[in-house]
2 protein chains.
Amino acid sequence: MSRPRRSDQVREALIHAGIEHISTHGYHGTGIKQVLDSVNVPKGSFYNFFGSKEAFVAEVIKTYSDDMHCQLNDFVQGSGKHLSVQKQLVAIHRFSLEKIVQSDYLRSCLIGSLSTEIAAGNSACGEQLTLATQRWLAFLVERITKGQCSGEIRDDLPAEQLANLYWATWQGSLIKLHMYKDSEAALQDIKAMLTLFTVPAIAR
Amino acid sequence: MSRPRRSDQVREALIHAGIEHISTHGYHGTGIKQVLDSVNVPKGSFYNFFGSKEAFVAEVIKTYSDDMHCQLNDFVQGSGKHLSVQKQLVAIHRFSLEKIVQSDYLRSCLIGSLSTEIAAGNSACGEQLTLATQRWLAFLVERITKGQCSGEIRDDLPAEQLANLYWATWQGSLIKLHMYKDSEAALQDIKAMLTLFTVPAIAR
């Protein structure tokens, strides 16, 4: 295998620095100069790699989504393979929450926070945000369908509807997380949601 | 009753213009000059009314929350009095969604969007956002408790937990609403959530 070119390495370093900065400071709060400085790249060379800030952030969203889906798939096919669907979902959110707590609640979900900030008025980024959300929802639909087949999750509502609800609840919990800085409360929301996903004890 | 002073009227007009601008453009996207221009107030006089942009936005959040709770209470004690709790909640969200659709999806929930944008780093506004959220949650707890007492809503989870979940789902649905511009999908999320709040047919 040939060694990656220096320019490819710089491009990748800029994108990963972008993920860090934008997850913490948002679109408007992140300056291109900050990103370049953090990887010691001179300002003039930014446009050798990206056509505009918008094009850069669209790449950042795509890479963030790709990385996340590799991690999710590795987990459900690897160390989480023998867990129930509900336990898989709790483990995934516990992992995400730990990363936010480690940042002293400054980091957020890149997809949810950028969607609030820019989705309506920014087409290149809006498109990537929509694709990233569709991938998240497809992952959830797959998990929930599996849970419905095994009887672990109620099937009186379609998996797509439950996945949409679940995604919304997680994103809404993250809003409250930044307000109250209480990761346990966010995990409780997820656990309560999963309780609603099971057939109540009274019906068993 | 004495007539309100001119300065009180100007202050109130600035706050209501602030609600409009910030609901649409966010904290960082709203300039004080825009707000002043929209009510024909000269720039120099802003600081006669508010100590800072932060203090102004804190007042904007408080007024938005006060107005919303007057409307909510008027509805549940007035024209919505004889509806079931679930129908009351659907009517409230249908009304909110209509306002967002009328703005061509540019407006958002002031509380949710500002919480994502500034809650973690802005103490005066953060405090008002927390208070506004607590009032929303208290309203939901009251409604859900009423539904639990009448048997309309499941009571195997505490009303506080269901209210937290419901709030999170609504805020998360608004994120997707700005991405997909589909108010019917957001209303479907709310209706599906309320289906989960009932005891499934199999258990009746």
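Predicted model, so just to flag it, every value in this text is computed and none were measured. (Residues numbered from 1 in each chain as written. Chains lettered and ligands numbered in written order. Predicted model: local features only at pLDDT ≥ 70, side-chain atom pairs only at ≥ 80, totals over all residues. Heavy atoms only, no water.)

Visitor: Could you clarify how one ought to interpret the overall build of chain A in this entry?
Guide: A tally of helices and strands in chain A yields nine helices and zero strands. Expressed along its principal axes, the backbone C-alpha trace of chain A runs to roughly 65 × 45 × 30 Å. In chain A, which comprises 204 residues, the share counted as buried stands at 53%. Taking the contacts inside chain A whose residues are at least 6 apart along the sequence as the reference set, 69% of them involve residues at least 24 apart. Counting every atom, chain A has about 9600 Å² of accessible surface; 52% of that belongs to carbon and sulfur. With 21 positive and 21 negative side-chain charges, chain A shows a spacing of 4 Å between the two charge centroids. (Helix = DSSP H or I, 4+ residues; strand = E, 2+ residues; numbered from the N terminus. Buried < 20%, exposed > 50% of the residue type's maximum accessible area, 1.4 Å probe, protein only. Contact = heavy atoms within 4.5 Å. Areas by Shrake-Rupley, 256 points an atom, 1.4 Å probe, with all protein chains shown as cover. Lys, Arg positive; Asp, Glu negative; His and termini not counted. Charge placed at Lys NZ, Arg CZ, Asp CG, Glu CD.)

Visitor: Please clarify how the confidence of the model for chain A should be interpreted in this entry.
Guide: Fine structural detail should not be taken from predicted coordinates in areas where pLDDT scores are low. All names here are of chain A. Confidence in the prediction for chain A averages 90 pLDDT; 94% of positions are at 70 or higher. For chain A, the element scoring lowest by mean pLDDT is helix 6 (residues 110–118), at 84; helix 4 (residues 53–77) scores highest, at 96. The complex prediction reports pTM at 0.87, with the ipTM value standing at 0.85. (pLDDT = per-residue confidence, 0-100.)

Visitor: Can you help me understand the pattern of salt bridges in this one?
Guide: Two side chains bearing opposite charge may form a pair once their charged atoms approach each other closely. Residue and element names in this part refer to chain A. This model, assessed by the stated rule, comprises 18 salt bridges over all chains. A salt bridge links Lys176 to Asp189; its shortest N-O distance comes to 3.1 Å. One end of the pair, Lys176, is in helix 8 (residues 159–180); the other, Asp189, is in helix 9 (residues 183–197), and 13 residues separate them in sequence. Overlapping salt bridges bring together Lys62, Asp66 and Arg135 as one network. (Salt bridge = Lys/Arg side-chain N within 4 Å of Asp/Glu carboxyl O.)

Visitor: Quick question: what am I supposed to make of helix 8 (residues 159–180) of chain B here?
Guide: Because an α-helix packs 3.6 residues into every turn, residues spaced three or four apart end up facing the same way. With 22 residues, helix 8 of chain B extends 31 Å from end C-alpha to end C-alpha; this agrees with the ideal 32 Å at 1.5 Å per step. Burial runs high along helix 8 of chain B: 19 of the 22 residues are buried. (Expected span 1.5 Å × (residues − 1).)

Visitor: What is the right way to read the relation of the copies chain A and chain B from this model?
Guide: Copy one and copy two of the chain differ by a rotation about a common axis and a shift along it. The operation relating chain A to chain B is a screw motion whose rotation component is 180°, with 0.0 Å of axial translation and a residual RMSD of 0.0 Å. When the rotation and shift are considered jointly, the pair of chain copies conforms to a two-fold rotation axis. Interface overlap between copies is the fraction of interface residues in one copy that are interface residues in the other; for chain A against chain B it reaches 100%, indicating a shared surface. (Least-squares fit on C-alpha atoms with pLDDT ≥ 70 in both.)

Visitor: In this structure, what is going on with the interface of chain A and chain B? I would like to understand it.
Guide: Where interface size is given, it is often the accessible area lost as the parts come together that is meant. Taken residue by residue, the interface counts 42 residues in chain A and 42 residues in chain B. Summed over both sides, the interface between chain A and chain B buries roughly 3500 Å², with carbon and sulfur atoms accounting for 72% of that surface. In this structure, the connection of chain A to chain B is made through zero salt bridges. Counting across the chain A and chain B interface gives five residue pairs in polar contact (both at pLDDT 80 or more). Considering every element that reaches the side of chain A that touches chain B, the biggest residue donor is helix 8 of chain A, with 15 residues. (Buried area = accessible area lost by both parts, 1.4 Å probe. Polar contact = N/O pair within 3.5 Å; in protein donor to acceptor, adjacent residues only side chain to side chain.)

Visitor: Honestly, the environment of A:Trp170 in this entry has me stumped. Any pointers?
Guide: All names here are of chain A. Inspection of the secondary structure puts Trp170 in helix 8. Sequence separation between Trp170 and Met193 is 23 residues, and the spatial gap between their C-alpha atoms is 9.4 Å. The residues contacting Trp170, other than those within four sequence positions of it, are His93, Ser96, Leu97 and Ile190.

Visitor: Help me understand the packing of aromatic side chains in this model?
Guide: Two descriptors summarise a pair of aromatic rings, namely the distance from one centre to the other and the angle between the planes of the rings. All names here are of chain A. Under the criterion given, the structure shown has 14 aromatic pairs over all chains. Ring geometry for Phe46 and Tyr47: centres 5.1 Å apart, planes at 90°, overall edge-to-face. Considering the side-chain rings of Tyr166 and Phe197, the 6.0 Å spacing of their centres and the 45° angle between planes classify their relative orientation as tilted. Taken as a pair, Tyr166 in helix 8 and Phe197 in helix 9 lie far apart in primary sequence, 31 residues in all. Relative accessible area serves as the criterion here: at 1%, Tyr166 is assigned to the buried category. Sitting over the ring of Tyr27, Lys53 keeps its end group 4.5 Å from the ring centre. (Phe/Tyr/Trp six-rings, centres within 6.5 Å; stacked < 30°, edge-to-face > 60°. Lys NZ or Arg CZ within 6 Å of the ring centre and 35° of its normal.)

Visitor: I would appreciate a short explanation of the state of the cysteines in the present structure.
Guide: Simply put, disulfide is the name for a covalent bond between the sulfur atoms of two cysteines. Counting across every chain of the model gives zero disulfides over all chains. In this structure A:Cys70 is not part of a disulfide, and its nearest cysteine sulfur, from A:Cys109, lies 17 Å away. (Disulfide = S-S within 2.5 Å.)

Visitor: Sorry if this is basic, but what is going on with the side chain of B:Thr198 here?
Guide: All names here are of chain B. Tracing the chain through its elements places Thr198 in the segment after helix 9 (183–197). Note on Thr198: relative accessible area 14%, which makes it buried. A polar contact is formed between the side chain of Thr198 and the backbone oxygen of Thr195, at a distance of 2.7 Å.

Visitor: How should I be thinking about the side chain of B:Lys176 in this particular structure?
Guide: On the basis of relative accessibility, which here comes to 8%, the residue B:Lys176 falls in the buried class. Polar contacts involving the side chain of B:Lys176 include one to the side chain of B:Asp189, which spans 3.1 Å. Leave out the neighbours within four places in its chain, and B:Lys176 touches A:Asn164, A:Trp167, B:Lys181 and B:Asp189.

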